[in-house]
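Chain residues, written in single-letter form:
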Amino acid sequence: MSGKRDKGTGGNPWVNQPGPDPDDEPEEQLPPSPWNLEVQPPPAPWGGSAAPGNGPGGPGSGPATETSSAWGDKVGPPSLRRPPPEKKKGFQLPPLMIPIGAGLLVVAIVAVVLVALSGGDDKTAQNPPSTPASTPAAPKTSYQPPPNAIQVGFGVSLVPAPGWTLYTKEKAGKQVAIYPPNTTADARAFFWVRQKRDVTANAYLLGIVEGETEEEITQLGAVRNLPCPKDVLVECVAIDYTSTFTKNGVEAKVKGSIEAYRRKDGVVTALDFRTNADFAPKAEADAATMKKSVIDSM
């Protein structure tokens, strides 16, 4: 037996006659396919040509083993090599946590400083901060200034002598002056009362005399201590001077004196007296009475 179906010789008209058995037909010869031809590998991109048999899976597959590239011998181009995974290091703080941690550190430092300055919560609650001591008030005096007295400040007043008028343009303290008859152009003398706090009487006196005689040829006497006429006074000093200056081509000679009195409350009152030398006898007598009125009011 050949294993093939016996087709027989006769035919049944009611049954389609099959065609020849495909197994018995000769195989059709197809033209050779270009895809079955051996293809030479393309030249290597880094120099030289690929040898036959070095296709995929062959000895030459994979990264280049010899090259003249700038990356060194036996090293493939970086663009074709996947870098090896970095080794995991220990715990690293996320970048976002750095500014947050710095801010928390600053807040903690500020809190510590505030607690240190306040002396702690418990101490602050038990010992509240004491109120700073206020400046001692000016002591009360029984002196009653007359109606024509000029108020200077801090309870101090000035009673002008007859013929002396208030210089209204003065803004620091109070100043009175005496003028020649029928004119107010140039004063013959002036008496100036001004005050300052938190300074010694000696320093205040020297500052006044330096400013008073800055552009004059001056002969200064020595600063001398005065006996303080009242218990409320703690420092009493004085200085005398003479000077000359030229005005409108005429030379004038001046006599002056400055006294400064510091009270216990820190207020310093300066009495600045200045007169033309030829008018000194009259002006000095008036200045003495005005000085007494100021001292009595301290």
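Once a new chain begins, its residue numbering starts again from 1 and follows that chain's sequence as written. Per-residue local features are limited, in this predicted model, to residues with pLDDT of at least 70; the limit for side-chain atom pairs, both in listing and counting, is 80 or more; totals at the level of whole chains, interfaces and linings are taken over all residues. Calculation of side-chain values draws on the structure's entire complement of heavy atoms; hydrogens and water are dropped beforehand.

**Section: the environment of Pro-147**
- Labels follow the DSSP assignment, with helices taken as runs of H or I lasting at least four residues and strands as runs of E lasting at least two, numbered in each case from the N terminus. Mapped onto the fold, Pro-147 is located in the loop between helix 2 (121-126) and strand 1 (150-153).
- Think of it in three bands: with a 1.4 Å probe and only protein chains considered, a residue is buried below 20% of the maximum accessible area for its type, exposed above 50%, and partly exposed in between. Judged by its relative accessible area of 87%, Pro-147 is exposed.

**Re the state of the cysteines**
- Any pair of cysteine sulfurs within 2.5 Å is marked as a disulfide. For the coordinates displayed, the defined rule picks out 1 disulfide.
- In this model, Cys-228 is linked to Cys-236 through a disulfide, with the two sulfur atoms separated by 2.2 Å. Sign of the S-S torsion, about 120° for the bond between Cys-228 and Cys-236, identifies this disulfide as right-handed.
- A residue is classified by how much of its surface remains accessible, and Cys-228, at 31% relative accessible area, is partly exposed.

**Some thoughts on the side chain of Gln-195**
- Within the secondary structure layout, Gln-195 lies in strand 5 (residues 189-197).
- For Gln-195, a relative accessible area of 19% gives the class buried.
- Here a polar contact is taken to be a pair of N or O atoms separated by no more than 3.5 Å, where protein atoms must pair a possible hydrogen donor with a possible acceptor and residues adjacent in sequence count only if both atoms sit in side chains. Within polar-contact distance, the side chain of Gln-195 engages the backbone oxygen of Gly-153 at 3.0 Å.
- One polar contact links Gln-195 to Thr-269, side chain to side chain, over a distance of 3.2 Å.
- Note on contacts: a residue pair is in contact if any heavy atoms of the two residues lie within 4.5 Å. Ignoring any residue separated from it by four or fewer positions in sequence, one finds Gln-195 in contact with Val-152, Gly-153, Phe-154, Val-156, Tyr-204, Val-267, Val-268 and Thr-269.

**Comments concerning the nonpolar core**
- Here, the term nonpolar core denotes a set of buried Ala, Val, Leu, Ile, Met, Phe, Trp, Tyr and Cys residues that are joined through side-chain atoms within 4.5 Å. By size, the foremost hydrophobic cluster in this structure holds 24 residues, and its most contacted members are Leu-158, Trp-164, Phe-191 and Val-294.
- Among residues more than four places away in sequence, those in contact with Val-294 are Val-156, Ser-157, Leu-158, Phe-191, Val-193, Thr-269 and Leu-271.
- Of all hydrophobic cores here, the second largest spans 13 residues; its members include Val-199, Ala-201, Ile-208 and Ile-258.

**A word on the side chain of Glu-216**
- Mapped onto the elements of the fold, Glu-216 is located in the loop between helix 3 (201-212) and strand 6 (217-220).
- On the basis of relative accessible area, Glu-216 is assigned to the buried category, the value being 17%.
- Polar side-chain contacts of Glu-216 include one of 2.6 Å to the side chain of Ser-243.
- Among all residues touching Glu-216, those that are not within four sequence positions of it are Ser-243, Thr-244, Phe-245 and Arg-274.

**What about unusual backbone geometry?**
- Although it is not a glycine, Phe-154 sits at a positive phi angle of roughly 55°.
- One can find Phe-154 in the loop between strand 1 and strand 2 (156-158).
- Phe-154 gets classed as partly exposed once you look at its relative accessible area, which sits at 41%.
- Unlike most non-glycine residues, Asn-248 shows phi in positive territory, near 55°.
- One can find Asn-248 in the loop between strand 8 (233-247) and strand 9 (250-263).
- According to the relative accessible area criterion, Asn-248 is exposed, its value standing at 73%.

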